[in-house]
Amino acid sequence: MTSAKDDRLVGRSVARREDPRLLSGRGRFVDDIELPGMLHAQFVRSTVAHGTITEIDLTRVRQVPGVVAAFTAADLELGDITAQLGRPLSEFVPTAMPVLARDRVRYVGEPVAVVVARDPYLAEDGLEAAKVTYAPLPPITCEEQALAPGAPRVHAEAAGNTLVDVGLFATEGIDEIFDQAPCVVHVDVRTGRQNALPLETRGAVAQWDAREEQLVLHTCTQTPHQVRTVASRCLRLDERAVRVIVPDMGGGFGLKCVVGREEIAAAAAALRLGRPVKWIEDRKDALSASFLAREQHYTARAAFDADGRILGLDADVVCDMGAYSCYPFTAGIEPLMASAEMPGVYKVPAYRVRGRAITTNKAPTAPYRGVSRPQYVMAMERLMERAARELRLDPVEIRRRNVITDFPYTGVNNITYDPGSYLESLDLCERAVREAGWYDRQAAATAEGRHIGIGYSCFSERTGYGSAAFAQRKMEVVPGFDLAEVRMDTSGAVTATTGTISHGQSHETTMAQIVADTLGLDIAKVKLHQGDTDRITYGWGTFASRSIAVGGSAVRLAAGKLGDKLRAIAADEWGILPEETELDRGRVRRRDDPDVALSYEHLADTAYLKSHLLPKDIDPGLTATAVFDVHNDGTFSNATHGVVVELHEGTGQVEILAYFCVEDCGVAVNPQVVEGQCRGGIAQGISGALFEQITYDAQGEPSATSFMDYKVPTAHEIPEVVIHHLETPCAFTATGAKGAGEGGTIGAPAAVLNAVNDALRPTGVELDNTPITPETVHRALIPRTPEQTP
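Because the structure is predicted, anything quoted here is derived from the model rather than measured.

Asker: Explain the overall build of the protein chain to me, using residue names and the numbers behind them.
Answerer: Secondary structure summary: the protein chain contains 21 helices and 32 strands in total. In summary, the protein chain has a C-alpha radius of gyration of 28 Å against a globular reference of 28 Å for 790 residues, a match within 12%. Here the protein chain holds 790 residues, and the buried ones make up 63% of them. For the protein chain, the exposed surface amounts to about 29,100 Å²; the carbon and sulfur share of it is 50%. Both charge centroids of the protein chain, one from 80 positive and one from 106 negative side chains, sit 2 Å from each other.

Asker: Account for the domain arrangement of the protein chain, naming residues and giving values.
Answerer: Its domain assignment divides the protein chain into domain 1 (33–137 + 199–251 + 256–289), domain 2 (371–464 + 633–779) and domain 3 (481–629). Computed over C-alpha atoms, the centres of domain 1 and domain 2 are 38 Å apart. On the side of domain 2, 10 residues touch domain 1, which itself brings 7 residues to the contact. Interface area, domain 1 with domain 2, both sides summed: about 650 Å², of which 69% is carbon and sulfur.

Asker: Kindly report on the sheet that holds strand E30 (residues 635–647), identifying the contributing residues and their values.
Answerer: Reading across the sheet, the 4 strands line up as E22-E30-E31-E32 and stay open at both edges, with mixed pairing between neighbours. The sheet terminates laterally at strand E22 (451–463) and strand E32 (721–726), the two strands that pair on one side only. Strand-to-strand twist across the sheet, computed as the mean angle between neighbouring axes with direction ignored, equals 15 degrees. Note that strand E31 (residues 654–664) and E32 share 6 bridges and pair parallel. Bridge pairing in E32 links Cys 661 to Ile 723. Contacts between helix H13 (residues 422–435) and the sheet are confined to E22, E30, E31 and E32, with E30 contributing the most and set at about 25 degrees to the helix. Across the sheet, helix H20 (residues 743–759) touches E22, E30 and E31, and the angle it forms with E22 is around 155 degrees.

Asker: Describe the packing of aromatic side chains, listing the residues and the values that go with them.
Answerer: Within this structure, the stated rule accounts for 11 aromatic pairs. Their ring planes at 80 degrees and their centres at 5.3 Å tell us that Phe 329 and Phe 543 sit as a pair that is edge-to-face. Placement of the pair is Phe 329 in the loop between strand E18 (310–320) and helix H10 (333–341) and Phe 543 in the loop between strand E25 (526–529) and helix H17 (547–574), with a sequence separation of 214 residues. By the burial criterion, Phe 329 is buried, and Phe 543 matches it. Taking 6.2 Å as the distance between ring centres and 50 degrees as the angle between the ring planes, the aromatic pair formed by Tyr 409 and Tyr 417 counts as tilted.

Asker: Quick rundown of a negative patch on the surface? Include the residues and the values.
Answerer: There is a patch of like negative charges on the surface, built from Asp 572, Glu 573, Asp 617 and Asp 619. The topology assignment puts Asp 617 in the loop between helix H18 (600–609) and strand E29 (623–628).

Asker: Lay out the packing of helix H16 (residues 507–519) against H17 in plain terms, naming residues and giving numbers.
Answerer: At a minimum axis distance of 8 Å, the contact between H16 and H17 shows a crossing angle of 35 degrees. By crossing handedness, the relation of H16 to H17 is classed as right-handed. Of the residues in H17, those in contact with His 507, Thr 510, Met 511, Ile 514, Val 515, Thr 518 and Leu 519 of H16 are Ser 547, Ile 548, Gly 551, Gly 552, Val 555, Arg 556, Ala 559, Gly 560, Leu 562, Gly 563 and Leu 566. Here the contact of H16 with H17 is composed, by residue class, of 9 nonpolar, 8 polar and 1 charged.

Asker: How would you explain the sheet that holds strand E9 (residues 162–170) if you had to name every residue and give the values?
Answerer: The strand order E9-E19-E18-E17-E10 describes an open sheet built from 5 strands, whose pairing is mixed. The strands lining the two open edges of the sheet, one partner per strand, are E9 and strand E10 (183–191). Averaged over all pairs of adjacent strands, the angle between strand axes in this sheet comes to 10 degrees, irrespective of strand direction. Summarising the sheet, strand E17 (residues 296–304) and E18 pair through 9 bridges and their orientation is antiparallel. Within E18, the position partnered with Ala 302 by the bridge is Leu 313. Here H10 sits on the sheet and contacts E9, E17, E18 and strand E19 (351–358); the angle it forms with E19, its principal contact strand, is near 170 degrees. Those strands touched by helix H11 (residues 373–391) are E10, E17 and E18, and its axis lies near 145 degrees from that of E10.

Reading the values: rules and limits
- Residues numbered from 1 in each chain as written.
- Predicted model: local features only at pLDDT ≥ 70, side-chain atom pairs only at ≥ 80, totals over all residues.
- Heavy atoms only, no water.
- Helix = DSSP H or I, 4+ residues; strand = E, 2+ residues; numbered from the N terminus.
- Rg over C-alpha atoms; globule rule 2.2 N^0.38 Å.
- Buried < 20%, exposed > 50% of the residue type's maximum accessible area, 1.4 Å probe, protein only.
- Areas by Shrake-Rupley, 256 points an atom, 1.4 Å probe, with all protein chains shown as cover.
- Lys, Arg positive; Asp, Glu negative; His and termini not counted.
- Charge placed at Lys NZ, Arg CZ, Asp CG, Glu CD.
- Domains from an automatic or database assignment.
- Contact = heavy atoms within 4.5 Å.
- Buried area = accessible area lost by both parts, 1.4 Å probe.
- Pairing = 2+ DSSP bridges.
- Axes fitted to C-alpha atoms, helices over the stretch in contact; angles between N-to-C directions.
- Phe/Tyr/Trp six-rings, centres within 6.5 Å; stacked < 30°, edge-to-face > 60°.
- Patch = residues over 30% accessible without salt bridge, like charges linked within 9 Å, V, L, I, M, F, W, Y side chains within 5 Å.
- Salt bridge = Lys/Arg side-chain N within 4 Å of Asp/Glu carboxyl O.
- Left-handed = near helix turned anticlockwise from the far one by under 90°.
- Nonpolar A, V, L, I, M, F, W, Y, C, P; charged D, E, K, R; others polar.

Here's what the structure looks like:
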């Protein structure tokens with residue numbers, strides 16, 4: 001290895017290297033880009049949820065002072081965006097998403113035309129002059145309408161407004177298991193539609209580079225190579241002729257890991273006009289017309305034996321995916337995730353599930369942080385709680401009897417779980433809550449007539465999905481591997497390039513820690529480059545907690561190859577074998593005489609400037625590339641969350657008094673970064689449990705188009721989070737790390753909901769849906785007569 005163990009950076013909370021730039025205002029985001037002659041685009045958007053377009057008249061738009069051009073779909077003649085699954089039509093119905101609506105609109109806010117002007121304000125003036133005439137059609141705004149017999153179709157080809165209908169598992173004899181089980185419990189869980197709310201809204205700057213004969217598209221995306229692929233196809237350009245660059249990015253959370261329409265339209269306008277075009281999404285459009293998430297419905301039952309052990313699980317999952325399938329994941333991303341992984345951390349011997357994606361006249365959805373896991377974990381945890389009540393068991397004890405403890409474990413869902421600390425995290429979390437005195441305080445508060453509840457959730461998070469795992473879903477576009485290149489220059493400095501892209505995950509720090517450790521190099525000598533499709537052949541970007549598990553492994557392997565080359569060059573100069581050398585603090589030294597060493601600068605000088613001295617089997621230069629993929633079911637992080645809440649009778653307010661998180665993401669490359677991921681995810685999870693929801697009226701009009709209507713919690717509502725780390729290293733990633741990006745979001749809603757229900761226990765009321773509104777809690781706390789008690 002490279003350096004003394006005490007010098008290792010992996011496992012240490014190295015200060016974030018990107019902070020000085022970002023905190024001093026020297027970050028460069030899409031909206032910071034200013035180019036000579038640049039124009040500004042905004043979109044004429046549908047004002048009806050469902051209808052045919054009978055006329056688009058942009059005559060007056062083009063007459064508005066400052067407006068340079070206005071285009072409809074017919075003007076731009078762009079190809080559609082179509083996401084595909086390799087499943088029969090009985091299971092998946094593909095639907096095309098036009099870049100601009102042509103003959104029909106399917107949700108309020110759908111882009112119909114693009115207006116280009118000298119500045120953003122003049123572009124807005126142009127929007128006011130647009131005249132679009134619709135023949136309204138009945139909107140589909142909820143699951144019940146979508147699935148009703150004879151319901152109007154959002155897409156003519158999608159019978160029953162169903163895009164995906166798959167039954168992945170059905171254990172033989174499951175009905176008999178339920179018939180004979182001593183205890184069967186049911187839940188009906190619904191979760192509200194949310195917005196991922198990255199601080200930076202979507203945006204793009206497009207320009208044609210005549211010298212390179214290339215469209216250069218700066219955009220804030222989590223998947224630059226997929227944007228390049230779709231842009232080239234929609235614009236009918238060779239893929240070489242499209243370069244996508246991602247500058248600093250202010251969050252994504254999955255909303256930006258799918259390909260949008262507006263950046264393609266802005267690029268088309270730039271090509272037509274021969275001038276740079278910028279589009280920045282305003283907050284109103286971001287809230288109502290961007291990609292949304294989370295609206296799901298679980299009807300589930302579980303069978304238990306008399307000792308509280310699960311005998312079977314039977315679930316029907318319906319995900320409201322809005323108007324279109326997202327690219328590349330399709331509308332199957334949510335129901336297939338839920339169906340495949342719902343048993344989670346528990347030993348479930350029999351399983352049946354039906355997963356459906358329905359289409360409605362709402363903005364489409366994207367795989368928001370956690371992707372169905374916050375929802376199915378909530379359904380599973382409600383089943384555990386309900387069974388504990390039926391069987392008069394402690395809610396922690398019933399989990400203890402059911403969590404997976406022997407690894408590797410192959411579940412009824414045909415997924416093999418690598419080693420984790422499911423039971424240990426549960427025990428430690430309960431102990432942390434107990435030792436903090438919350439059980440005693442709860443008893444005292446109950447005696448005083450107050451309503452304090454304690455709730456838990458146990459979950460795993462499959463991370464490091466490789467191509468094998470994604471292929472099982474039958475995606476036509478199969479993510480998985482990632483590439484890395486590590487290059488050393490003549491000064492001994494290193495540039496690492498990866499196919500992942502940071503949108504707040506601290507990659508500049510954590511990837512550099514991996515490279516510096518592998519090469520025995522000062523971290524200050526390492527620079528990371530991401531987000532430029534011309535600098536790395538291909539990459540799958542950042543989502544599903546894959547960056548460190550997959551991208552970090554590729555970086556580790558590439559750095560290892562470069563280290564091997566340095567040792568080979570040094571060994572040749574000494575006339576010894578490479579195995580007789582080692583890397584140490586920016587130099588290669590002899591193992592038999594550590595005081596004899598050659599600096600990286602010296603070796604790089606030989607590799608580049610005196611290549612005639614190299615042995616014949618070593619090429620000039622110091623560049624190494626590596627590919628990493630996961631060829632099994634992936635690796636599983638795990639955690640237990642414990643929450644203490646108090647319900648206030650007068651207002652129905654849910655106050656979170658304490659929050660505990662015990663997490664295990666394998667080797668934590670940077671523990672402080674992991675804690676940041678946990679806290680951020682928990683804040684989003686709490687927000688989904690208590691605050692955020694976008695609803696629609698009967699006409700399909702969204703309820704929340706500003707932060708006046710869409711409640712976003714602040715530090716006032718988010719409690720301190722006590723975090724404990726456990727470490728079960730992954731055996732097959734190059735660093736031992738598992739993913740850590742989404743776990744906080746996954747566990748929080750279930751833990752909060754269970755805590756609220758624990759506080760409501762004396763009332764006999766149980767809640768299964770989120771967000772938990774003050775009105776709901778207030779009604780639950782109203783004293784009832786024995787006859788009124790549920």
